[in-house]
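# Structural features, examined
Residues per chain, in single letters:
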Amino acid sequence: METPDKKIKAIEKQEYEDLASQIRPKPKLARNMAWAFVVGGLICMSGQWIINYMVSLGVSLTDASTSASCILIFLAALFTGLGYYNELGQHAGAGSIVPITGFANAIVASALEYKREGYIFGVGARIFSVAGPTLVFGFVIAVLVGLIKVFLTS
Amino acid sequence: MPGRKKRGQQTVVFDSPPVITAWASVVGPKEGEGPWGQDFDLVLEDYLFGEKTWEMAEHKMLREAITRAVDKRNFMPEDIDLLLAGDLLNQIVASNFAARDLEIPFLGLYGACSTMSEGLSVGAMLMDGGYFERIVAAACSHHYTAERQYRFPTEQGVQKAATAQWTATAAGAVLLEASGSGPSIKSITVGKVIDMGQTDQSDMGSAMAAAAAHTIKTHLSDLNLPGDYYDLIVSGDLGQIGSAIARQLFVRDGIISPEYSDCGVLLYDQSQTVGSGASGCGCCACMLCGPLLKKMQKGEINKLLLVATGALMSPVTSFQGESIPSIAHAVAIETA
């Protein structure tokens, strides 16, 4: 049941939101998207460059891909530790979060943050505080895709 | 005669206004680089202040601000009757730990970023009521302890929204005495919790502006004052966006030509990349216990209305989809 009081309150809130939304700056979509595209693209391109280079040295494609991931993860962790990755993230947004380097950044940032609470209840318990959802839903999707494959191929 | 000090809906006027005899502020490096760097008592060189953790640094800042304020009147901490303090951490630990070291009788307060006004209000009432002779009201916040509590790990590369604010690393303490020289607290208005249904955690100015405008309107109407009575009405941490909304609300509420500003807008330079401005308990605490009270001392401001604003949500309530309730308390400070 909507009482008159509640209706008035809802109208007040809507009026307030209308006022606030006039004042609130719009996110700079074009600039943010350009940054995300360029930075995300560069990170992925550097991965491809590592793969191509290793393949040209005679490494198998699988090994080269794995190595590229490891190298990018290492670099992201290093630059997180040095305090540069969050600066990049300020501008690049999703461009530096979505690639594998963003995942590494989320884990290392958590590890650094919670180190002062000790290795068990700090680092151990909270290292996946940000990256956790990616893992959980990654696993779920992997299981689902695996099941689909089992049914399709049996 | 109960109720004789109360005026109108929410305001209390003091018979013997408590005097602000001393004050002190301690701020972080970023705040020191801002436009008011010279006006603070101590600017830290780094965010750890010689401690192992940011939490310990925060409580040391608060302790330092309190001891400096008390020392300016040549008192020792044990000469103080009561400490009223609060901060943003869970269980207000920065204040608890500062009080542990100081051994002053202590009442912890939580009003989020409105704590400075809350402390001054409670302190002024206790003093005018004749319960205590010397009271310290203090508040503090630390950028990195607040970030980890409310948002993300500090090294994580998350893009801040343009509406987001920067939690100030700052502490401020005010010494109230029953008599003495200095500006005094003439009246206070206790705010109501106002919720306009705003839910964006990275835009708290929009949520809090409604509370600030409500308290200012109530204060002026309770005391029957014109909008331009105060030399400066200063809100706590609405930031650029929140204070712009507040100005619109003044027009709506018929508050004519108020001299209005916001500590969150004032604390940093535009070039310091802080989104919409500063926030945190320490933002308005250090602005009051630095530039604002100095200006009152010099006679540049004679009537100041401090309206610290607080967003009363927690990360848990926000994740559960609740809106952001907010509050603002007004403290009227005037030179005699």
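This structure is a prediction, so every number in the text was calculated from the model and none was measured. (Residues numbered from 1 in each chain as written. Chains lettered and ligands numbered in written order. Predicted model: local features only at pLDDT ≥ 70, side-chain atom pairs only at ≥ 80, totals over all residues. Heavy atoms only, no water.)

All names here are of chain B. Of all 8 residues that make up strand 9 (residues 170-177), 8 are buried, and the element is covered over most of its length. Of the two faces of strand 9, both are covered, the one formed by Ala 170, Gly 172, Val 174 and Leu 176 as well as the one formed by Ala 171, Ala 173, Leu 175 and Glu 177. Relative to strand 9, strand 7 (residues 134-141) is paired through 8 bridges, and the arrangement is antiparallel. When the bridges of strand 9 are listed, Ala 138 appears paired with Ala 173. (Buried < 20%, exposed > 50% of the residue type's maximum accessible area, 1.4 Å probe, protein only. Helix = DSSP H or I, 4+ residues; strand = E, 2+ residues; numbered from the N terminus. Pairing = 2+ DSSP bridges.)

Attention now goes to the confidence of the model for chain B. Per-residue pLDDT for chain B has a mean of 95; in total, 99% of the residues score no lower than 70. Confidence estimates for the predicted assembly give a pTM of 0.93 and an ipTM of 0.86. (pLDDT = per-residue confidence, 0-100.)

For the rest of this paragraph, the subject is unusual backbone geometry. Phi is mostly negative for residues that are not glycine, and the peptide bonds are mostly trans. Residues and elements named next belong to chain B. Located in the positive-phi region is Phe 49, a residue other than glycine, with phi close to 55 degrees. Here Phe 49 is to be found in the loop between strand 4 (42-43) and helix 2 (54-72). With relative accessibility at 16%, the residue Phe 49 sits in the buried group. Unlike most non-glycine residues, Asn 224 shows phi in positive territory, near 55 degrees. Looking at where Asn 224 falls in the secondary structure, it is placed in the loop between helix 6 (204-222) and strand 11 (232-235). For Asn 224, a relative accessible area of 70% gives the class exposed.

Moving on, we come to the nonpolar core. All names here are of chain B. If you look at the biggest cluster of nonpolar residues, it comprises 87 residues, and the most contacted ones within it are Met 116, Leu 120, Val 174, Ile 185, Leu 267, Leu 288 and Leu 304. For this core, the leading source of residues is helix 9 (residues 281-298), giving 11 residues. Shared between two domains, this core holds at least three residues of each, these being domain 1 (6-177) and domain 2 (184-334). If sequence neighbours within four positions are ignored, Leu 120 has contacts with Ala 137, Val 174, Leu 176, Ile 185, Leu 288, Leu 306 and Val 331. By size, the runner-up hydrophobic cluster in this structure holds 28 residues, among which are Leu 44, Ala 57, Ile 66 and Leu 102. (Core = buried A, V, L, I, M, F, W, Y, C linked by side-chain atoms within 4.5 Å. Domains from an automatic or database assignment. Contact = heavy atoms within 4.5 Å.)

The next subject is the packing of aromatic side chains. Residues and elements named next belong to chain B. One pass over the full model with this rule turns up 6 aromatic pairs over all chains. Measuring from ring centre to ring centre gives 5.1 Å for Phe 250 and Tyr 260, while their planes differ by 85 degrees; the resulting arrangement is edge-to-face. Note that Phe 250 is positioned in helix 7 (residues 239-253) and Tyr 260 in strand 12 (residues 260-262), a separation of 10 residues in sequence. You'll find Phe 250 and Tyr 260 in the same group, each marked buried. Put simply, the rings of Tyr 47, Trp 54 and Tyr 144 pair up and form one aromatic cluster. (Phe/Tyr/Trp six-rings, centres within 6.5 Å; stacked < 30°, edge-to-face > 60°.)

Residue and element names in this part refer to chain B. Here strand 11 shows no split at all, with Leu 232 and Val 234 on one side and Ile 233 and Ser 235 on the other all buried. Sheet topology note: the strand 11/strand 14 (residues 303-311) ladder contains 4 bridges and is parallel. Note on strand 14: the bridge partner recorded for Ile 233 is Leu 305. With helix 7 bridging strand 11 and its parallel neighbour strand 12, the resulting β-α-β unit is right-handed. (Right-handed = clockwise from strand over helix to strand, strands pointing away.)

Among the surface-exposed residues, Val 136, Phe 137, Val 140, Ile 141, Val 143, Leu 144, Val 145, Leu 147 and Phe 151 of chain A lie close enough to one another that they form a single nonpolar patch of about 880 Å² accessible area. Mapped onto the elements, Leu 144 of chain A comes out in helix 8 (residues 132-153). (Patch = residues over 30% accessible without salt bridge, like charges linked within 9 Å, V, L, I, M, F, W, Y side chains within 5 Å. Areas by Shrake-Rupley, 256 points an atom, 1.4 Å probe, with all protein chains shown as cover. Salt bridge = Lys/Arg side-chain N within 4 Å of Asp/Glu carboxyl O.)

Let's shift gears to the packing of helix 6 of chain B against helix 7 of chain B. Residues and elements named next belong to chain B. At their nearest, the axes of helix 6 and helix 7 sit 8 Å apart, and the two run at 35 degrees to each other. Relative to helix 7, helix 6 is oriented so that their crossing is right-handed. On the side of helix 6, the interface is formed by Gly 205, Ser 206, Ala 209, Ala 210, Ala 213, Ile 216 and Lys 217, while helix 7 contributes Ile 241, Gly 242, Ile 245, Ala 246, Leu 249, Phe 250 and Asp 253. Here the contact of helix 6 with helix 7 is built from residues that sort into 9 nonpolar, 3 polar and 2 charged. (Axes fitted to C-alpha atoms, helices over the stretch in contact; angles between N-to-C directions. Left-handed = near helix turned anticlockwise from the far one by under 90°. Nonpolar A, V, L, I, M, F, W, Y, C, P; charged D, E, K, R; others polar.)

What follows covers the pattern of salt bridges. Overall, the coordinates contain 21 salt bridges over all chains when judged by the stated rule. Between Glu 12 of chain A and Lys 9 of chain A there is a salt bridge, with the nearest N and O atoms lying 3.7 Å from each other. Residue Glu 12 of chain A and its partner Lys 9 of chain A are both found in helix 1 (residues 4-23); the two are separated by 3 residues, about one turn of the helix. Through salt bridges with shared partners, a single ionic network connects Glu 113 and Glu 117 of chain A together with Glu 55 and Arg 148 of chain B.

Residue and element names in this part refer to chain B. Domain boundaries in chain B define domain 1 (6-177) and domain 2 (184-334). Listed by partner, the interface residues are 61 residues for domain 1 and 66 residues for domain 2. Per-residue buried area on domain 1 facing domain 2 is highest for Gln 10, Trp 23 and Gln 165; these three make up 17% of the total on that side. Seen at the junction of domain 1 and domain 2, the total is 1 salt bridge. Of the charged contacts in the structure, one is a salt bridge between Lys 294 and Asp 39, with a shortest N-O distance of 3.8 Å. (Buried area = accessible area lost by both parts, 1.4 Å probe.)

Turning our eyes to something else, we now look at the interface of chain B and chain A. On the chain A side, the residues contacting the 31 residues of chain B number 31 residues. When chain B packs against chain A, close to 2,500 Å² is buried across both sides, 56% of that on carbon and sulfur atoms. Looking only at chain B, the three residues that lose the most surface to chain A are Arg 148, Glu 155 and Gln 159 of chain B, adding up to 27% of its buried area. We note a salt bridge from Arg 148 of chain B to Glu 117 of chain A, for which the minimum N-O separation is 2.7 Å. When contributions to the side of chain B that touches chain A are tallied by element, the ones reaching two or more residues are helix 5 (143-150), helix 6 and helix 7 of chain B. For the side of chain B that touches chain A, the leading source of residues is helix 7 of chain B, giving 5 residues.

Where helix 1 of chain A meets helix 7 of chain B, the axes come as close as 9 Å, and the angle between the chain directions of the two elements is 130 degrees. Here helix 1 of chain A lies oblique to helix 7 of chain B, going by the angle between them. Note on packing geometry: the crossing formed by helix 1 of chain A with helix 7 of chain B is right-handed. Contacts between helix 1 of chain A and helix 7 of chain B involve Tyr 16, Leu 19, Ala 20 and Ile 23 of chain A from the first element and Ile 241, Ala 244, Ile 245, Gln 248 and Leu 249 of chain B from the second. (Parallel < 35°, antiparallel > 145°, perpendicular 65-115°, else oblique.)

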